[in-house]
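Observations on the three-dimensional arrangement
Residue strings, one per chain:
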Amino acid sequence: LNYRKLNEEANKLSNYLLKYNIENSLIGISIPRSEQMLIVILAILKAGACYVPLDTDFPLERLKYIIQDSGIKLIISLKQFEEKYSDIKIESIFLDKIDLTNDKNIQAPNINIDKDSLAYMIYTSGSTGHPKGVRVPHRTVVNFICSMMQKPGIKVDDKLLAVITLSFDMSIFELFLPISTGASMVIATNSEVSDGKSLINLINKHNITMLQATPATWNLILLSRWEGKTDLTAICGGEPIQPGLIKELLPKVKEMWNGYGPTETTVYSSLYKITSHLDPVLIGKPIGNTQINILSKENRMLPVGVFGEVGIS
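Below is a short write-up of the structure. (Residues numbered from 1 in each chain as written. Predicted model: local features only at pLDDT ≥ 70, side-chain atom pairs only at ≥ 80, totals over all residues. Heavy atoms only, no water.)

It is worth spelling out the overall build of the protein at this point. Counting its secondary structure elements, the protein contains eight helices and 15 strands. Against the globule reference of 20 Å for 313 residues, the protein gives a C-alpha radius of gyration of 20 Å, in line with a compact fold. Projecting the C-alpha coordinates of the protein onto the three principal axes gives extents of approximately 55 × 50 × 35 Å. Taking all 313 residues of the protein together, the buried fraction comes to 49%. (Helix = DSSP H or I, 4+ residues; strand = E, 2+ residues; numbered from the N terminus. Rg over C-alpha atoms; globule rule 2.2 N^0.38 Å. Buried < 20%, exposed > 50% of the residue type's maximum accessible area, 1.4 Å probe, protein only.)

Take a look at the structure:
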């Protein structure tokens, strides 16, 4: 898809969704990894709604909990998952049952989206045993993307390989950074993201220059005997990086970055450029419009050198 086609397809679906009065509503998305996934997300946002990922691989009980807890108004999915959602009393749209090919309504809906309107709601594991929904507004997503444009930075001729599930907020980096800058995105399928050799094939075939992944996925690629790519920027997030991974990965890429931050503060709150496997693995400095302070249990600032809680604002 080129940019014009992507925008037109998203606009057509967005205008179709307006029939369901979804403005300021939460919309479940249950689509396998494909270009359709991106079109649906953009359509939901253009219609003034908030998307809630419903991972197709999640157990039915977890999906039911998310749907009930979030108050989802509508689910967008495919025919192959119709049976899965058949006993859930929520209105559903199955994309392969509607035909918008001849729809001439390719202009974006005329909707004023407030900066504090919700963009997405992602369910984390939660400390209580129940998944916990984290609501994220447009303004913090825009701030995150604008900051990522500066560091680690992305150019128009970059090609990013998207491998992160929608249910993980690291996916925001992949979905919106390339299309905010005119770069290209290659979306790995559900089966490819868990296969090291498939990921290596995608990197080589599409001349990928940027890849964000968890340490587990980077280890998967390295175990599949990846020889590296000297013009590739590697971003690592989601869990702590072990020095052994840095020692093996750093010589094989152009740059390696460590991203840190909880879902509540919109993906990454800080970034650190790794230059040696012998140095401590730091979380780096705060991203744009973000502050990090070390606080006592009473939320008071602590002096330099004193251990405390990380406070992000």
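Considering all chains together, one arrives at six aromatic pairs under this definition. Where Tyr 51 meets Tyr 120, the ring centres are 5.9 Å apart and the plane angle is 35°; that geometry is what we call tilted. Of this pair, Tyr 51 sits in strand 2 (residues 50-53) while Tyr 120 sits in strand 5 (residues 118-124); the two residues are 69 residues apart in sequence, bridging distant segments of the chain. With respect to burial, Tyr 51 and Tyr 120 carry one shared label: buried. Through a chain of ring-to-ring contacts, the aromatic side chains of Phe 144, Phe 173 and Tyr 268 assemble into a single cluster. (Phe/Tyr/Trp six-rings, centres within 6.5 Å; stacked < 30°, edge-to-face > 60°.)

Position of Lys 12 among the secondary structure elements: in helix 1 (residues 3-17). Contact partners of Lys 12, with chain neighbours within four places excluded, come to Leu 100, Thr 101, Asp 103, Asn 105 and Ile 106. (Contact = heavy atoms within 4.5 Å.)

The final tally for this structure, using the stated rule, is nine salt bridges. When the shortest N-O distance is used, the salt bridge between Glu 9 and Lys 5 registers 3.2 Å. With Glu 9 and Lys 5 both in helix 1 and four residues apart, this pair spans about one turn of that helix. Residue Glu 9 is classed as partly exposed on the basis of its relative accessible area of 22%. Residue classification places Lys 5 among the partly exposed residues on the basis of a relative accessible area of 38%. In this structure, Asp 116 and Arg 139 form a salt bridge, with 2.4 Å as the shortest nitrogen-oxygen distance. Here Asp 116, found in the loop between strand 4 (91-94) and strand 5, pairs with Arg 139, found in helix 4 (residues 138-153); they are 23 residues apart in sequence, far enough to count as distant. Judged by relative accessible area, which is 41%, Asp 116 ranks as partly exposed. Residue classification places Arg 139 among the partly exposed positions, given a relative accessible area of 44%. Residues participating in the shared-partner salt-bridge network are Lys 5, Glu 9 and Lys 12. (Salt bridge = Lys/Arg side-chain N within 4 Å of Asp/Glu carboxyl O.)

Before going further, it helps to examine the nonpolar core. If you look at the biggest cluster of nonpolar residues, it comprises 98 residues, and the most contacted ones within it are Leu 17, Tyr 51, Leu 161, Phe 176, Trp 218 and Trp 226. No other element matches helix 2 (residues 35-46), which puts nine residues into this core. Setting aside anything within four residues of it in sequence, one finds Trp 218 in contact with Leu 211, Ala 213, Trp 226, Leu 232, Ala 234, Ile 235, Cys 236, Leu 245 and Leu 249. (Core = buried A, V, L, I, M, F, W, Y, C linked by side-chain atoms within 4.5 Å.)

In this structure, Thr 233 sits in strand 10 (residues 229-236). Owing to a relative accessible area of 7%, Thr 233 belongs among the buried residues under this scheme. Between the C-alpha atoms of Thr 233 and Thr 209, which are 24 residues apart in sequence, the distance is 6.1 Å. Non-local contacts of Thr 233, meaning those with residues more than four positions away in its chain, are made with Pro 152, Thr 209, Met 210, Leu 211, Lys 254, Glu 255 and Trp 257.

So, on to the packing of helix 1 against helix 2. It is the contact of helix 1 with helix 2, at a shortest axis distance of 8 Å, that shows an interaxial angle of 55°. The angle between helix 1 and helix 2 falls in the class oblique. For the pair helix 1 and helix 2, the sense of crossing is right-handed. The segment helix 1 lies against helix 2, with Leu 6, Asn 7, Glu 9, Ala 10, Asn 11, Leu 13, Ser 14 and Leu 17 engaging Leu 38, Ile 39, Val 40, Leu 42, Ala 43, Ile 44 and Lys 46. Residues that form the contact of helix 1 with helix 2 fall into these classes: ten nonpolar, three polar and two charged. (Axes fitted to C-alpha atoms, helices over the stretch in contact; angles between N-to-C directions. Parallel < 35°, antiparallel > 145°, perpendicular 65-115°, else oblique. Left-handed = near helix turned anticlockwise from the far one by under 90°. Nonpolar A, V, L, I, M, F, W, Y, C, P; charged D, E, K, R; others polar.)

With that settled, consider helix 7 (residues 215-223). Looking at helix 7, one finds that the buried residues are Pro 215, Thr 217, Trp 218, Ile 221 and Leu 222. In an axial view of helix 7, the angular spread of the buried residues amounts to 160°, which keeps them on one side of the axis. Where the residues of helix 7 are buried, they touch helix 6 (196-205), strand 9 (210-213), strand 10 and helix 8 (243-249). Arg 225 sits one or two residues past helix 7 and shows a positive phi near 65°. (Arc of directions from axis to C-beta.)

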